[in-house]
Amino acid sequence: GQMDSALRIYKNDYTKSYVNARAKSFLFFRKNDYPKALEAFTNYAHETDGYYLFLEILNGRYTKSREELDRQLASQPLFDSYGYSPILAYNALGEYSRADSVASLIDSRLLGHFSLCYNLLSFGLHFHLSTTPNFAARLRELGIDPEAYEKMHYKKLPVQKIMK
């Protein structure tokens, strides 16, 4: 499909950069191929990168304690310049109210609805639109019913448990 077509671009050597590795990883994520999403980004990963931390969680490869994970998640920005947010990590942990809390906090910031839109376009909908009134209002202005959109597109990731 469309994702496969987009992934063909990333087979060329000229695409081997941090930004393109992230983009390739995002495409695998959108195809629900989480191991390949991690593999595509591993060469550029740094343990303080929230997106890499999320991929480790999603693939069951996070090996530190839950206390350390909470510390790491608390130290992450609400949103990075590539569209990632801890919304995804909390969704993958099955902590949907925490994912919604992060989305609500982003929504309350100046231009937060832009950040949420970028996140949605990059990763899909992993927070409830009822917790983001500013973003929901922007969707209504575009003629999109937030409740109907959420019913069709809200996703729960496979829940991962942190054992330690």
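Overview of the structure. From a predicted model like this one, the values you see are computed outputs, not experimental measurements.

1. A few points about the pattern of salt bridges
- Under the definition given, this model contains eight salt bridges.
- For Asp70, the salt bridge identified is with Arg66, shortest N-O distance 2.8 Å. Here Asp70 and its partner Arg66 are both found in helix α5 (residues 66-75), four residues apart, which amounts to about one turn of the helix.
- Using a relative accessible area of 29% as the deciding quantity, one classes Asp70 as partly exposed.
- Notably, a salt bridge pairs Arg98 with Glu95, separated by 3.2 Å at the nearest N-O pair.
- For Arg98, a relative accessible area of 35% corresponds to the partly exposed category.

2. Points about the packing of aromatic side chains
- According to the stated counting rule, one finds 13 aromatic pairs in the structure shown.
- Here the aromatic rings of Tyr51 and Phe123 are separated by 5.9 Å at their centres, their planes lie at 40 degrees, and the arrangement is tilted. Here the residue Tyr51 occupies a position in helix α4 (residues 50-58), and Phe123 occupies one in helix α8 (residues 112-123), the gap between them amounting to 72 residues.
- Taking the relative accessible area as the measure of exposure, Phe123 reaches 0% and is therefore buried.
- These aromatic residues form a ring-pair network of at least three members: Tyr18, Phe26, Phe29, Tyr34, Phe41, Tyr44, Tyr51, Phe54, Tyr84 and Phe123.
- Directly above the ring of Tyr96 sits Lys156, whose terminal nitrogen or CZ lies 4.5 Å from the centroid.

3. Looking at α8
- Taking 1.5 Å as the rise per residue, α8 with 12 residues should run 16 Å; its terminal C-alpha atoms sit 16 Å apart, in good agreement.
- Burial in α8 covers these residues: Gly112, His113, Ser115, Leu116, Asn119, Leu120, Ser122 and Phe123.
- Buried residues in α8 make contact with α2 (18-30), α4, α6 (87-92), α7 (96-108), α9 (133-141) and α10 (146-153).
- In the stretch just after α8, Gly124 is the one whose phi turns positive, near 95 degrees.

Conventions we followed
- Residues numbered from 1 in each chain as written.
- Predicted model: local features only at pLDDT ≥ 70, side-chain atom pairs only at ≥ 80, totals over all residues.
- Heavy atoms only, no water.
- Salt bridge = Lys/Arg side-chain N within 4 Å of Asp/Glu carboxyl O.
- Helix = DSSP H or I, 4+ residues; strand = E, 2+ residues; numbered from the N terminus.
- Buried < 20%, exposed > 50% of the residue type's maximum accessible area, 1.4 Å probe, protein only.
- Phe/Tyr/Trp six-rings, centres within 6.5 Å; stacked < 30°, edge-to-face > 60°.
- Lys NZ or Arg CZ within 6 Å of the ring centre and 35° of its normal.
- Expected span 1.5 Å × (residues − 1).
- Contact = heavy atoms within 4.5 Å.

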